[in-house]
Amino acid sequence: MSFKSHWELRAAFAQSLSAMYGTEVPAYNTLVDASTRVNEGFMAQHGSAAERLGSISRVTAERHGAIRVGSEREMSQVGRVFAAFGMYPVGFYDLRDASSSAVPVVSTAFRPIDSDELAKNPFRVFTSMLAGEDPRFFDKELQTELREFLANRELFGEELLELADRSSRDGGIDEESASRLLVLATAAFELSSEPVNYEWYRRLEAISAVAADIGGVGSTHINHLTPRVLDIDALYHEMEALGIEMIDEIQGPPRWDGPDVLLRQTSFRALGEDRMFVHPDGSIKPGNLRVRFGEVEARGIALTPAGRDLYDRMVAETDRRLAEQPDAKRTDVARKVWEENLPHTELELAEQGLAYFTFRLDRNALEGTELASTVQLRDLVSQRIVIPEPIVYEDFLPRSAAGIFQSNLTEQGSKDEALHGTSYDIDRMSVIVGKTVTDPNTLYQKQQDHSVADLARELQVRIISDNAVLNAAL
Ligand code: OOG
Ligand code: NI
């Protein structure tokens, strides 16, 4: 019997979730079709340059999902499920303070961590956990009720968890068990038809619609499944032309005449979905919930900590200017800030140590050059002997994530700012998941370092990569 490795399982899992979600949310299929058209159009216009940040086959297959769980126990279980598919926790995002509405969650993303695994199939899932003990959102009484409600539900059955553990331990699983694993894992993220307790749901919703979606129902579900596009502005307009209401803006960096960095995202507004509710008198009646939306994203180059500092300063500067001219459009202001501050070419990003790259030797440019035994990477790049190739950003942005959550809420919810929040960080998240949550920068840096080491071997010289020096200088 044939054996299914992690990447094969992951690709099948992404496909199976996509098929399931497409029947639940038909607008998702419209979004995927529009994304495919945009990508084909972009390829036709730009040729192979379009594939600079990922091959068209990778980009076409690429998705990220978003799910939300209620407790530490559920977070550790979901970590076991994703490990079966070679997906591990990367990055910590605290959305409680990144948003002005009540978004009481802390998050990580489960994804492949090796670049060859990412290349085979890059499926990732942004996973949020309800911060149910944060007194700014939930008083003592509600905390207790939430804890009890969550303790009594089971998102992932024993059979699923056992199969998942086996696949994660053995690096994959036999074909027959794989089919079962996929059926059970997909079903765990399906929208349940079980009636929702009206009173309980509305009580949580008064505090936070996100809390109600997580802790107000007996199961979890995929909130959205996000395709990747090569031109997100074109996609935005195409969706509007199809009559689909989009959120007001594209989150993240503005469109500008320079390298794409990090991540740009947008979404269509959450759709009303019919659900059944149980009322206090025992009657069951239909109602409507608006929780799932359709997101799309465009990925750019991963920034180094120095680049990220610059990015954060540019976002703050945009906020400052907007406060002075409230009628201006955010994207117009941001574009101006970008043009004034961010290098206009990839080469400058590389020379200034602002973004991560791998490096390719240009043998023709090397011809006739006598290299010293120790050389600076930056000089090799400036002399065009070495060509930097961008490393794509594989992660998320807390402010955009909060913006996406927020743009789909109709109510602000409530938060008592006078109280102190429960503190969470990447280490605590590691304990909760039961696996080390990797800092994304460690992964990008490792990939870059490998490439520099290969280059040094090829050139038979010692290469000084001065990222660290540059970082300290900025
Ligand atoms: C997650 C929202 C954040 C992203 O791509 O940044 C997100 C959620 O709605 O559960 O998906
Ligand atoms: Ni998302």
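So, how was this worked out
- Residues numbered from 1 in each chain as written.
- Chains lettered and ligands numbered in written order.
- Predicted model: local features only at pLDDT ≥ 70, side-chain atom pairs only at ≥ 80, totals over all residues.
- Heavy atoms only, no water.
- Helix = DSSP H or I, 4+ residues; strand = E, 2+ residues; numbered from the N terminus.
- Contact = heavy atoms within 4.5 Å.
- Pairing = 2+ DSSP bridges.
- Donors = N, O, S within 2.8 Å, 3.2 Å for Na, K, Ca; no water.
- Buried < 20%, exposed > 50% of the residue type's maximum accessible area, 1.4 Å probe, protein only.
- Axes fitted to C-alpha atoms, helices over the stretch in contact; angles between N-to-C directions.
- Parallel < 35°, antiparallel > 145°, perpendicular 65-115°, else oblique.
- Left-handed = near helix turned anticlockwise from the far one by under 90°.
- Nonpolar A, V, L, I, M, F, W, Y, C, P; charged D, E, K, R; others polar.
- Near = heavy atom within 4 Å.
- Polar contact = N/O pair within 3.5 Å; in protein donor to acceptor, adjacent residues only side chain to side chain.
- Areas by Shrake-Rupley, 256 points an atom, 1.4 Å probe, with all protein chains shown as cover.
- Domains from an automatic or database assignment.
- Buried area = accessible area lost by both parts, 1.4 Å probe.
- Salt bridge = Lys/Arg side-chain N within 4 Å of Asp/Glu carboxyl O.

Caption draft 1: The environment of Phe189, seen in detail. Within the secondary structure, Phe189 sits in the loop between helix H8 (175-188) and strand E7 (196-197). Between the C-alpha atom of Phe189 and that of Gly434, which follows or precedes it by 245 residues, the distance is 21 Å. Contact partners of Phe189, with chain neighbours within four places excluded, come to Phe13, Leu17, Met20, Ile67, Val78, Phe82, Phe156, Thr220, His221 and Ile222.

Caption draft 2: Geometry of the sheet that holds strand E10 (residues 284-299). If you walk across this open sheet you meet the 3 strands as E7-E9-E10, and the pairing is mixed. Two strands close off the open sheet at either side, each with one partner strand: E7 and E10. With 14 bridges joining them, strand E9 (residues 263-278) and E10 adopt antiparallel strand pairing. Note on E10: the bridge partner recorded for Leu271 is Arg292.

Caption draft 3: Structural detail: the coordination of the nickel ion (ligand 2). The protein atoms that coordinate the nickel ion (ligand 2) are His64 (NE2), His224 (NE2) and Glu295 (OE), at distances spanning 2.0 to 2.2 Å. In primary sequence terms, the donor set of the nickel ion (ligand 2) follows H-x159-H-x70-E. Residue His224 is located in strand E8 (residues 224-227), and its partner Glu295 is located in strand E10; the two are separated by 71 residues in the primary sequence. Look at Glu295 and you get buried, because its relative accessible area is 3%.

Caption draft 4: Representation of the packing of helix H2 (residues 26-46) against helix H11 (residues 232-241). It is at 10 Å that the axes of H2 and H11 come closest, and there the two elements cross at 135°. Regarding the angle of H2 to H11, the classification is oblique. Remark: the crossing between H2 and H11 carries right-handed chirality. In contact with Leu31, Ala34, Ser35, Arg37 and Val38 of H2, H11 contributes Ala234, Leu235, Glu238 and Met239. Among the residues making up the contact of H2 with H11, the classes are represented as 6 nonpolar, 1 polar and 2 charged.

Caption draft 5: Structural context of the site of ligand 1. The full set of residues close to ligand 1 is His64, Ala66, Arg68, Phe126, His224, Gln265, Phe293, Glu295, Phe396, Ala401 and Phe405. Within the side chain of His64, one N or O atom sits 3.0 Å away from an oxygen atom of ligand 1. The side chain of Arg68 places a nitrogen or oxygen atom 2.7 Å from an oxygen atom of ligand 1. Within the complex, the protein chains bury 100% of what would otherwise be the 320 Å² of accessible surface of ligand 1. Elements with a contribution of two residues or more to the shell around ligand 1: strand E2 (63-69), E10 and helix H17 (398-407). Looking at which element gives the most residues to the shell around ligand 1, the answer is E2, with 3 residues. Each residue belonging to the shell around ligand 1 can be placed in one class, and the counts come to 6 nonpolar, 3 polar and 2 charged.

Caption draft 6: Just the domain arrangement of the protein, in detail. Partitioning the protein into domains gives domain 1 (3-302 + 394-436) and domain 2 (307-388 + 450-464). Taking only C-alpha atoms into account, the centre of domain 1 sits 31 Å from that of domain 2. Contacts between domain 1 and domain 2 engage 17 residues on the former and 19 residues on the latter. Summing both sides of the interface, domain 1 and domain 2 together bury roughly 1,600 Å²; the carbon and sulfur share of this comes to 64%. Of all residues in domain 1, Pro254, Trp256 and Arg399 give up the largest surface area on contact with domain 2, accounting jointly for 34% of the area buried on that side. Our enumeration of links across domain 1 and domain 2 arrives at 2 salt bridges. Its salt-bridge partner being Arg399, residue Asp319 comes within 2.9 Å of it at the nearest N-O pair. Taken together, the links from domain 1 to domain 2 amount to 5 residue pairs in polar contact (both at pLDDT 80 or more). Across the side of domain 1 that touches domain 2, the residue classes break down as 10 nonpolar, 2 polar and 5 charged.

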